[in-house]
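The residues making up each chain are set out below.
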Amino acid sequence: MPVNILMPALSPTMEKGNLAKWLKKEGDAIKSGDIIAEIETDKATMEVEAVDEGILAKIVVPEGTADVAVNEIIGVIAAEGEDAKAVSAPAKAEAPKAEAPKTEAPKEAAPAPAAKAEAAPASTPQMTAEAGFNSGGQPAPAGDRPFASPLARRLAKEAGIDLAKVQGSGPHGRIVEKDIEAAKQGGAAKAAPAAPGAAAPKPAAAPLAAGPSDEAVKKLFAPGSYEEIPHDGMRKTIARRLTEAKQTIPHFYVTLDCELDALLKLRAELNAAAPEKDGKLAYKLSVNDMVIKALALALRAVPDANVSWTDGAMLKHKHADVGVAVSIPGGLITPIIRDACHKTLSQISNEMKDMAARAKTRKLKPEEYQGGTSAVSNLGMFGVKDFAAVINPPHATILAVGAGEPRAVVKGGQLAVATVMSVTLSTDHRAVDGALGAELLQAFKGYIEKPMAMLV
């Protein structure tokens, strides 16, 4: 039975992607784990791994095609023993049409939903969560569904085998055809029948509030007085996620000033002491590198603020993974310095430079910009004095960093001049209330104003 290759979801927010390049051509043999294509998303260019074996019989979506929907069939693999030339490209599934209301009772009872699912042809596109994988070959977020290929699912269903009882031998533990055959011979547990009276699915969340329509906005300006530039995928994703964040997260803001003179002195001394390797300095620290370290240490010092909110529980993190907002053409992305509290300043600096460079060419892997426990957004290099940043879920906090500038301060009752930086912590008030946010910000200030503590 031919196996469909579906457009994978490379991130939880991805809806469409561009099929940049096929790395295999029709007729090529494919093994599980082979890299078969490159997909461009709104944030990165990713490689797609094959999860089934066979021959690439058909390329349904040619390379260079833009805006391919997630789960659309992009190619077909002929299984072992099948004639690849005889495999035809599947027709695109049509959206179900709404039926007109009936005035008479039907003569025959409508089939149950489960029966419809059983009757569906094997070539019907399946959701990424059901297929159980993403482009990196990693299990997709799919609740309790086992991580298995579509062919393995069909064979398990036909044999009545419970996939939860089968050990996968494919890439990243994926259940493949040979695992099902082994399960048949080994007498794997049969799937239990569905329990009657299963709980009904939860109702869909209420839609987010919408602003004025496109036409309403355009009517406010004279025809020909503007240029209309369509949104790309990244801008659409940023707009959607920020709107959701502001509408669903109760933001609370705490601001304080930090004196930078001791930090700037230490930074200069550390950079002056940097050894050379192959004619290049081993590191060159920035103020932002030290801000990342200070926030990570503050999160470790105030663990109750190193959390993420879920409706069922508070997730208290064991590591301080700090994201850093990086501006790239068309938008921004947030690479993450993992376990930043345990890394040296030189490690943070070099890792940040590498990820920022790859972010601008969209070469970051999803695990390098997804997740994290907090984030830093620094606009100080633009001369911005202070601002408030929008929280990026699943974070409960984000630190907005302004420019360091000479200001008048009072020390020992005397007027003096110091280099001062204003920072504003945005918190998810459900998870980090005002007092806890202030405690976190005080810990951060302590590391900034006494930076030697970041070296021990």
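Source: prediction; values computed, not measured. (Residues numbered from 1 in each chain as written. Predicted model: local features only at pLDDT ≥ 70, side-chain atom pairs only at ≥ 80, totals over all residues. Heavy atoms only, no water.)

**Q** Explanation requested: the overall build of the chain in the structure shown.
**A** Across its full length, the chain carries 11 helices and 20 strands. Here the chain, with 456 residues, has 41% of them falling under the buried criterion. Taking the intrachain contacts of the chain between residues at least 6 apart in sequence as the baseline, contacts between residues at least 24 apart amount to 63%. Total accessible area on the chain is roughly 25700 Å²; 56% of this is exposed by carbon and sulfur atoms. (Helix = DSSP H or I, 4+ residues; strand = E, 2+ residues; numbered from the N terminus. Buried < 20%, exposed > 50% of the residue type's maximum accessible area, 1.4 Å probe, protein only. Contact = heavy atoms within 4.5 Å. Areas by Shrake-Rupley, 256 points an atom, 1.4 Å probe, with all protein chains shown as cover.)

**Q** Looking at this model, I keep getting lost on the sheet that holds strand β17 (residues 336-337). Mind explaining?
**A** Hydrogen bonds along the backbone pair up the strands of a sheet, which may run parallel or antiparallel. Strands sit in the order β9-β20-β19-β18-β14-β17 across an open sheet of six strands; the sheet is mixed. The open sheet terminates on both sides in strands that have one partner only, identified here as β9 (251-259) and β17. Where strand β19 (residues 397-411) meets strand β20 (residues 414-428), 13 bridges bridge the pair, whose relative direction is antiparallel. Bridge pairing links Ala400 to Thr424 in β20. (Pairing = 2+ DSSP bridges.)

**Q** Please clarify how the side chain of Ser422 should be interpreted in this entry.
**A** Looking at the secondary structure, you find Ser422 in strand β20. In this structure Ser422 comes out as buried when scored by relative accessible area, which is 4%. In this structure the side chain of Ser422 is engaged in a polar contact, spanning 2.6 Å, whose partner is the side chain of Asp257. A polar side-chain atom of Ser422 sits 3.0 Å from a polar atom in the side chain of Arg407. If near-sequence neighbours (up to four positions away) are discounted, Ser422 is found in contact with Leu256, Asp257, Lys385, Asp386, Ala400, Val401, Gly402, Ala403 and Arg407. (Polar contact = N/O pair within 3.5 Å; in protein donor to acceptor, adjacent residues only side chain to side chain.)

**Q** Sorry if this is basic, but what is going on with the pattern of salt bridges here?
**A** Counting across every chain of the model gives 16 salt bridges. As a salt-bridge pair, Lys184 and Glu181 come within 3.6 Å of each other at their nearest N and O atoms. Taken as a pair, Lys184 and Glu181 lie in helix α4 (residues 177-186) at a separation of three residues, close to a single helical turn. According to the relative accessible area criterion, Lys184 is partly exposed, its value standing at 40%. As a salt-bridge pair, Lys218 and Glu215 come within 3.8 Å of each other at their nearest N and O atoms. With Lys218 and Glu215 both in helix α5 (residues 214-218), this residue pair falls three residues apart, about one helical turn. Lys218 gets classed as partly exposed once you look at its relative accessible area, which sits at 23%. (Salt bridge = Lys/Arg side-chain N within 4 Å of Asp/Glu carboxyl O.)

**Q** Looking at this structure, I do not really get helix α6 (residues 233-248). What am I missing?
**A** Two residues of an α-helix separated by three or four positions point the same way, owing to the 3.6 residues in each turn. Taking 1.5 Å per residue, 16 residues should reach 22 Å; α6 reaches 22 Å between its end C-alpha atoms and fits that length. Those residues of α6 not exposed but buried are Met234, Thr237, Ile238 and Ala245. All buried residues of α6 lie within an arc of 100 degrees about the axis, which places them on one face of the element. Where α6 is buried, its residues contact β9, β15 (326-328) and β16 (331-333). (Expected span 1.5 Å × (residues − 1). Arc of directions from axis to C-beta.)

**Q** What's the story with the nonpolar core in this structure? I'm lost.
**A** Side chains of nonpolar character tend, in soluble globular proteins, to be buried together. Residues Leu399, Val423, Phe444 and Ile448 are the most contacted members of the largest nonpolar core, which totals 91 residues. Top contributing element to this core by residue count: helix α8 (residues 287-301), with nine residues. In contact with Val423, not counting residues within four places along its chain, are Val254, Thr255, Leu256, Cys258, Leu399, Ala400, Val401, Leu441 and Phe444. Counting eight residues, the second largest nonpolar core, distinct from the first, contains Ala375, Ala389, Ile391 and Ala400. (Core = buried A, V, L, I, M, F, W, Y, C linked by side-chain atoms within 4.5 Å.)

**Q** Just checking my understanding: could you explain α8 for this structure?
**A** With 15 residues, α8 ought to run about 21 Å at 1.5 Å a step, and its terminal C-alpha atoms sit 21 Å apart, in line with that. Buried residues dominate α8, accounting for 12 of its 15 residues. Inspection of α8 places Asn288, Asp289, Met290, Val291, Ile292, Lys293, Ala294, Leu295, Ala296, Leu297, Ala298 and Leu299 among the buried residues, and these make up the whole buried set.

**Q** Explanation requested: the packing of α8 against helix α11 (residues 434-449) in the structure shown.
**A** The axes of two packed helices give the description: the angle between them and the distance between them. Packing of α8 against α11 leaves a shortest axis separation of 8 Å and a crossing angle of 135 degrees. When the axis of α8 is compared with that of α11, the two are oblique. In this structure, α8 crosses over α11, and the sense of that crossing is right-handed. Where α8 approaches α11, its residues Met290, Val291, Ala294, Leu295, Leu297, Ala298 and Leu299 are matched on the opposing element by Leu440, Ala443, Phe444, Tyr447 and Ile448. In the contact of α8 with α11, the residues fall into 12 nonpolar, no polar and no charged. (Axes fitted to C-alpha atoms, helices over the stretch in contact; angles between N-to-C directions. Parallel < 35°, antiparallel > 145°, perpendicular 65-115°, else oblique. Left-handed = near helix turned anticlockwise from the far one by under 90°. Nonpolar A, V, L, I, M, F, W, Y, C, P; charged D, E, K, R; others polar.)

**Q** Which parts of the structure should I look at to understand unusual backbone geometry?
**A** Glycine aside, residues mostly have negative phi angles, and peptide bonds mostly take the trans form. In this structure, the amide linkage connecting Pro393 to the following residue, Pro394, adopts the cis form with an omega of 10 degrees. Examined against the element boundaries, Pro394 turns out to sit in the loop between β18 (374-378) and β19. Here Asp278, not a glycine, exhibits a phi torsion of approximately 55 degrees, which is positive. Accessibility expressed as a relative area gives 75% for Asp278, which makes it exposed. A positive phi angle, near 50 degrees, is found at Asp339, a position not held by glycine. In this fold, Asp339 is placed in the loop between β17 and α9 (345-360).

**Q** Looking at this model, I keep getting lost on the environment of Val376. Mind explaining?
**A** Among the structural elements, Val376 can be located in strand β18. A C-alpha to C-alpha distance of 8.9 Å links Val376 and Ala389, two positions 13 residues apart in sequence.

**Q** Sorry if this is basic, but what is going on with the sheet that holds strand β2 (residues 16-22) here?
**A** Overall, antiparallel pairing links the four strands, which are arranged β5-β4-β2-β7 in an open sheet. The sheet is open, and its two edges are formed by β5 (45-49) and β7 (65-69), each paired on a single side. Taking the axes of each pair of neighbouring strands and ignoring which way they run, one obtains an average angle of 40 degrees across the sheet. As paired elements, β2 and strand β4 (residues 35-40) share four bridges and run antiparallel to each other. Residue pairing in the sheet places Trp22 in a bridge with Ala37 of β4.

**Q** Any chance you could explain the pairing of β19 here in plain terms?
**A** The two faces of the sheet receive side chains in turn, since in a regular strand these alternate between them. Pairing geometry for β18 and β19, over three bridges, is parallel. Among the inter-strand pairings, Val376 is bridged to a residue of β19, identified as Leu399. Once β19 ends, the chain turns through two residues before running back antiparallel as β20, passing Gly412 with a positive phi of about 60 degrees.

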